[in-house]
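Geometric and topological summary
In case you want the letters, here they are:
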Number of protein chains: 2
Amino acid sequence: MDDVFQALSHSARRKILDIVGKMPGCNVNDVAKYFSMSRIAVMKHLGILEKANLLISQKSGRSRELYFNVVPIQMIYDRWTTEYSQFWASKLTDLKFQTETKKKKKK
Amino acid sequence: MDDVFQALSHSARRKILDIVGKMPGCNVNDVAKYFSMSRIAVMKHLGILEKANLLISQKSGRSRELYFNVVPIQMIYDRWTTEYSQFWASKLTDLKFQTETKKKKKK
DNA sequence: ATAACATGTAACCTAATAGTTACATATGAC
DNA sequence: GTCATATGTAACTATTAGGTTACATGTTAT
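Notes on the structure in this doc start here. Predicted, not measured: the structure shown is a model, and the values here were computed from it.

1. Considerations on the packing of aromatic side chains
Describing an aromatic ring pair means giving the distance of the ring centres and the angle of the ring planes. The full count for this structure, using the stated rule, is 1 aromatic pair over all chains. On the numbers, 6.5 Å between centres and 40° between planes, the contact of Phe5 of chain A with Phe5 of chain B is tilted. Taken together, the residues Phe5 of chain A in helix H1 (residues 2-8) and Phe5 of chain B in helix H1 (residues 2-8) connect one chain to another. Classification of Phe5 of chain A by relative accessible area gives buried; the value is 0%. For the cation-ring pair, Lys15 of chain A lies above Phe35 of chain A, with the distance from its terminal atom to the ring centre recorded as 4.6 Å.

So, in structure tokens, the structure goes:
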């Protein structure tokens, strides 16, 4: 679980997930074009995502096809909707917490 | 958003959230008792959680009362249920897209 | 065969994490 | 006031993260 959260903690990696999610089967260079950092840096991010099982890759010829895997996210979703379900109902009605956090909300 | 995922990426911090969630208003030492690491290390974790807005603290006398805040988690939940909703139902997409996207990279 | 392309590996640098110990400050009990 | 308690701050260390450039390997096209 650490790996998944760690992988998702970097905006570049979440962006990669969005890109691959919209372009299933795209390769490393396709993804790297969206970033200003070097291709090697992108590959390291891909490696982290793959280690967290959020990406699946498959070699095809000289290129590597990338696929987004939603299962680990589903796992986290399940944890939150079960273990934290008690807080969802209670805190949603308490508007004090929401207004406090509304300003500092960013992407 | 980086802060929230980063905060959740360490199992000790997720454990802290569980502890504080079950003991609202508990203080730093109460939490530290659950860990073998030093109190200062625990305080650093608390600081990270507080910076991510997952914890709210309030001084009361000589101790600090801790509360779990579910709002940032709800924010993430919203993102996943909206942006990734396409993947939830059917995570297997046909392979038509990948051939199309690869041709477009002609330049 | 050779050139262009896609990916992989190695070595290196800087900054942030995660932890420690030692000391300082503030408060409640007596 | 004195002392135990609860928290806070400072300084240090080791490891990991995130990035770079240079070079190597494998594959497709001409």
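Let's pick the thread back up.
2. Here we look at the protein's contact with DNA strand C
Around DNA strand C, 20 residues are found, and the nearest of them are Arg39 and Arg64 of chain A together with Ser38, Lys44 and His45 of chain B. For DNA strand C, the backbone portion of the atoms within 4 Å of the protein, that is sugar and phosphate, comes to 60%. At a separation of 2.9 Å, a phosphate oxygen of DNA strand C approaches a polar backbone atom of Val28 of chain A. A distance of 2.8 Å separates a base oxygen of DNA strand C from a polar atom in the side chain of Arg39 of chain A. Of all the elements, helix H4 (residues 39-51) of chain B adds the most residues to the surface near DNA strand C, at 5 residues.

3. A short note on the packing of helix H2 (residues 11-22) of chain A against helix H4 (residues 39-51) of chain A
Residues and elements named next belong to chain A. Where H2 contacts H4, the two axes come as close as 10 Å, and the packing angle between them is 75°. Regarding the angle of H2 to H4, the classification is roughly perpendicular. On H4, the residues that touch Ala12, Arg13, Ile16 and Leu17 of H2 are Val42, His45, Leu46, Ile48 and Leu49.

4. What about the pattern of salt bridges?
One pass over the structure, following the stated rule, counts 6 salt bridges over all chains. Residue Arg14 of chain A pairs with Asp2 of chain B through a salt bridge whose shortest N-O separation is 2.7 Å. Separated into two different chains, Arg14 of chain A in helix H2 and Asp2 of chain B in helix H1 make up a pair that spans both. Judged by its relative accessible area of 6%, Arg14 of chain A is buried. A relative accessible area of 27% places Asp2 of chain B in the partly exposed class. In this structure, Lys33 of chain A engages Asp30 of chain A in a salt bridge whose closest nitrogen and oxygen atoms are separated by 3.6 Å.

5. Focus: the protein's contact with DNA strand D
In the vicinity of DNA strand D there are 21 residues, among which Ser38, Lys44 and His45 of chain A together with Asn27 and Arg64 of chain B approach most closely. Taking Val28 of chain B, its main chain carries an N or O atom lying 3.0 Å from a phosphate oxygen of DNA strand D. Arg64 of chain B places a side-chain nitrogen or oxygen 2.6 Å from a phosphate oxygen of DNA strand D. When contributions to the surface near DNA strand D are tallied by element, the ones reaching two or more residues are H4 of chain A together with helix H3 (28-32), H4 and strand S2 (63-68) of chain B. Top contributing element to the surface near DNA strand D by residue count: H4 of chain A, with 5 residues. Grouping the amino acids of the surface near DNA strand D by side-chain chemistry returns 7 nonpolar, 7 polar and 7 charged.

6. Focus: helix H5 (residues 71-83) of chain B
In this model H5 of chain B runs 18 Å from its N-terminal to its C-terminal C-alpha over 13 residues, within 8% of the 18 Å that 1.5 Å per residue would give. Restricting attention to buried positions, one finds in H5 of chain B the residues Val71, Pro72, Ile73, Gln74, Met75, Ile76, Arg79 and Trp80 of chain B.

7. Digging into the pairing of S2 of chain B
All names here are of chain B. Where strand S1 (residues 55-60) meets S2, 6 bridges bridge the pair, whose relative direction is antiparallel. Of the residues in S2, the one forming a bridge with Lys59 is Arg64. Turn length for the S1-S2 hairpin, with the two strands adjacent in sequence and antiparallel, is 2 residues, and the turn residue Gly61 shows positive phi of about 65°.

Conventions used here
- Residues numbered from 1 in each chain as written.
- Chains lettered and ligands numbered in written order.
- Predicted model: local features only at pLDDT ≥ 70, side-chain atom pairs only at ≥ 80, totals over all residues.
- Heavy atoms only, no water.
- Phe/Tyr/Trp six-rings, centres within 6.5 Å; stacked < 30°, edge-to-face > 60°.
- Helix = DSSP H or I, 4+ residues; strand = E, 2+ residues; numbered from the N terminus.
- Buried < 20%, exposed > 50% of the residue type's maximum accessible area, 1.4 Å probe, protein only.
- Lys NZ or Arg CZ within 6 Å of the ring centre and 35° of its normal.
- Near = heavy atom within 4 Å.
- Polar contact = N/O pair within 3.5 Å; in protein donor to acceptor, adjacent residues only side chain to side chain.
- Axes fitted to C-alpha atoms, helices over the stretch in contact; angles between N-to-C directions.
- Parallel < 35°, antiparallel > 145°, perpendicular 65-115°, else oblique.
- Contact = heavy atoms within 4.5 Å.
- Salt bridge = Lys/Arg side-chain N within 4 Å of Asp/Glu carboxyl O.
- Nonpolar A, V, L, I, M, F, W, Y, C, P; charged D, E, K, R; others polar.
- Expected span 1.5 Å × (residues − 1).
- Pairing = 2+ DSSP bridges.

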